[in-house]
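Inside the fold
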Amino acid sequence: MKYTIGIDLGGTNIVAGLVNEKGEILEKAAAKTQSEKGFAFVTELMAQLVKELLTRAKLTPAEVSSIGIGSPGTADKSTGNIIFSNNLGWHDVPLVSTIKEKTGIDTYVANDADCAALGEFAVGAGKKYNSMVMITIGTGVGSGVVLDGKLFAPAGSSATELGHTTLIAGGESCTCGRKGCVEAYVSFSALIRDGNRAADAHPESMLAELRAKGQALNGKNIFDCAKEGDAVAKELVNRFIDLMGQFFANVGNSFGVKLIVVGGGISKEGQWLADRLREIVVREMYVGERFAPAIAMATLGNDAGVIGAAMLEQYQ
Ligand SMILES: [Zn+2]
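Residues numbered from 1 in each chain as written. Predicted model: local features only at pLDDT ≥ 70, side-chain atom pairs only at ≥ 80, totals over all residues. Heavy atoms only, no water.

Attention now goes to the overall build of the chain. Each helix and strand counted, the chain has ten helices and 13 strands in total. In terms of overall dimensions, the chain is globule-like: its C-alpha atoms have a radius of gyration of 20 Å, near the 20 Å expected for 316 residues. Along the first, second and third principal axes, the C-alpha atoms of the chain reach 65 × 45 × 35 Å. By the burial criterion, 53% of the 316 residues in the chain qualify as buried. Approximately 14,000 Å² of the chain is accessible, and the part contributed by carbon and sulfur atoms is 50%. Averaging the coordinates of the 30 positive side-chain charges in the chain and doing the same for the 35 negative ones gives two points 2 Å apart. (Helix = DSSP H or I, 4+ residues; strand = E, 2+ residues; numbered from the N terminus. Rg over C-alpha atoms; globule rule 2.2 N^0.38 Å. Buried < 20%, exposed > 50% of the residue type's maximum accessible area, 1.4 Å probe, protein only. Areas by Shrake-Rupley, 256 points an atom, 1.4 Å probe, with all protein chains shown as cover. Lys, Arg positive; Asp, Glu negative; His and termini not counted. Charge placed at Lys NZ, Arg CZ, Asp CG, Glu CD.)

The structure is reproduced here in structure tokens:
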């Protein structure tokens, strides 16, 4: 049996998993990232998690083929450095060489959204496909692209950032400094911003009632108000889904993939949302139904990042 270790390095938590060649997580270990303590501290913590996994599974470093790390920010696979990570406060740090030195195991790195896409591609929603794009919708919008069985992450460049392509020219301000990005319309932060504006304008709406009861608006309760028939919430959610579908049609036109996987909290909405998005994609795409990608919800949840990172050696 061949083993690899995947590490999902997040701004809040580090999760490491020992993974077999079927993509099953056999052991898991986690710690708080504490990125304010700096690069040396965080990499030592990662090495300790690796040792903990080896001890629990009674394996030596020589029995593990590689470590893969999914990191926030821009990872350069040719140098193994993190060029920039806003979340971790890192600039040009030698992540791969440091972990390899501390553990004695070959190490690979990619962006965290890319690793999640690879996990879904290898053993999740995309396992029957040869190419796919995963779009993760949460506070922001992440993207990962797998083409002809390989992660699309050119050496020396950043990963794809499809969330920061323009959807509405001159539109709402985005966290990246541009205006009108996908992320400024099709993220939960955007939905909450618009929900609060709508609640201000329509004190009779369920959204305003929720706030009056002291509940902050979030992606889930705005969707729930729409399902319960609140006209204001319905209009918001319909526009949100329409823009998401238009974005997915752009993704289909850009990459020619047969599948788009939806990740993040919104994937819990399930099949009805996948069906609605697919209708919009068929309507909007250049060649219509014949080449429109299928839309599927992610199936691995938070494990996708660990599993995908563990498979970097094989798929990059
Ligand atoms: Zn942006």
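Around the zinc ion, the donor atoms from the protein are His164 (ND1), Cys174 (SG), Cys176 (SG) and Cys181 (SG), and they sit 2.1 to 2.4 Å away. If you look at the zinc ion, its four donor atoms make angles of 102 to 124° with each other, and the shape they trace is tetrahedral. (Donors = N, O, S within 2.8 Å, 3.2 Å for Na, K, Ca; no water. Tetrahedral: all angles 85-135°; square planar, octahedral: opposite > 155°, others 65-115°.)

What follows deals with the pattern of salt bridges. Within the structure shown, the criterion is met by 16 salt bridges. One salt bridge connects arginine 56 with glutamate 52, and the closest N-O pair in it is separated by 2.9 Å. Here arginine 56 pairs with glutamate 52, and both are found in helix 1 (residues 39–57), just four residues apart, close to one helical turn. Residue arginine 56 is classed as partly exposed on the basis of its relative accessible area of 37%. (Salt bridge = Lys/Arg side-chain N within 4 Å of Asp/Glu carboxyl O.)

What follows deals with the domain arrangement of the chain. Partitioning the chain into structural domains gives domain 1 (3–124 + 302–315) and domain 2 (132–297). Taking only C-alpha atoms, the centre of domain 1 and the centre of domain 2 are 28 Å apart. In this complex, domain 1 contributes 17 residues to the contact, which on the side of domain 2 involves 19 residues. Buried surface at the junction of domain 1 and domain 2, both sides included, amounts to about 1,400 Å², of which 66% is carbon and sulfur. Where domain 1 packs against domain 2, one counts zero salt bridges. Taken together, domain 1 and domain 2 are joined by two residue pairs in polar contact (both at pLDDT 80 or more). If you list the elements that add at least two residues to the side of domain 1 that touches domain 2, you get strand 5 (74–76), strand 8 (107–111), helix 3 (112–123) and helix 10 (312–315). At seven residues, the largest contribution of residues to the side of domain 1 that touches domain 2 is made by helix 3. Partitioned by chemical class, the residues of the side of domain 1 that touches domain 2 number nine nonpolar, four polar and four charged. (Domains from an automatic or database assignment. Contact = heavy atoms within 4.5 Å. Buried area = accessible area lost by both parts, 1.4 Å probe. Polar contact = N/O pair within 3.5 Å; in protein donor to acceptor, adjacent residues only side chain to side chain. Nonpolar A, V, L, I, M, F, W, Y, C, P; charged D, E, K, R; others polar.)

Strand order in the open sheet made by the three strands is 5-6-7, with antiparallel pairing throughout. Strand pairing shows two members of the sheet lacking a second neighbour, strand 5 and strand 7 (90–93), which therefore form its edges. Looking at each pair of strands side by side, their axes are set apart by 15° on average, direction ignored. Alignment of strand 5 against strand 6 (residues 81–85), held across three bridges, turns out to be antiparallel. Each bridged residue has a counterpart across the sheet, and for alanine 75 the counterpart in strand 6 is isoleucine 82. (Pairing = 2+ DSSP bridges. Axes fitted to C-alpha atoms, helices over the stretch in contact; angles between N-to-C directions.)

Here we take up the nonpolar core. Counting 50 residues, the largest nonpolar core has Ile135, Val186, Leu207, Phe247, Phe248 and Ile266 as its most contacted members. In terms of residue count, the dominant contributor to this core is helix 7 (residues 231–255) (twelve residues). Not counting residues up to four positions away in its chain, the partners in contact with phenylalanine 247 are Ile135, Val141, Leu162, Thr165, Leu167 and Val182. The next biggest cluster of nonpolar side chains, apart from the first, holds 31 residues, and it includes Ile14, Val93, Ile105 and Val109. (Core = buried A, V, L, I, M, F, W, Y, C linked by side-chain atoms within 4.5 Å.)

Time to look at the packing of aromatic side chains. Tallied over the entire structure, the rule returns five aromatic pairs. Ring centres 5.1 Å apart and planes at 80° place the aromatic pair phenylalanine 39 and tryptophan 90 in the edge-to-face group. Note that phenylalanine 39 is positioned in helix 1 and tryptophan 90 in strand 7, a separation of 51 residues in sequence. Ring geometry for phenylalanine 223 and phenylalanine 240: centres 6.1 Å apart, planes at 90°, overall edge-to-face. Taken together, the residues span a long stretch of sequence, with phenylalanine 223 in helix 6 (residues 219–227) and phenylalanine 240 in helix 7 at a distance of 17 residues. Of the residues examined, phenylalanine 223 reaches a relative accessible area of 2% and is grouped as buried. Put simply, the rings of Phe223, Phe240 and Trp272 touch in pairs and so form one group of aromatic residues. (Phe/Tyr/Trp six-rings, centres within 6.5 Å; stacked < 30°, edge-to-face > 60°.)

The subject of this paragraph is the sheet that holds strand 10 (residues 141–147). Read from one edge to the other, the open sheet built from five strands follows the order 11-10-9-12-13, with strand pairing classed as mixed. The sheet terminates laterally at strand 11 (150–151) and strand 13 (294–297), the two strands that pair on one side only. Note: strand 12 (residues 259–263) against strand 13, four bridges, orientation parallel. Bridging from a neighbouring strand, leucine 259 pairs with alanine 294 of strand 13. Relative to strand 10, helix 3 is tilted by about 50°, and along the sheet it contacts strand 9 (132–137), strand 10, strand 11 and strand 12.

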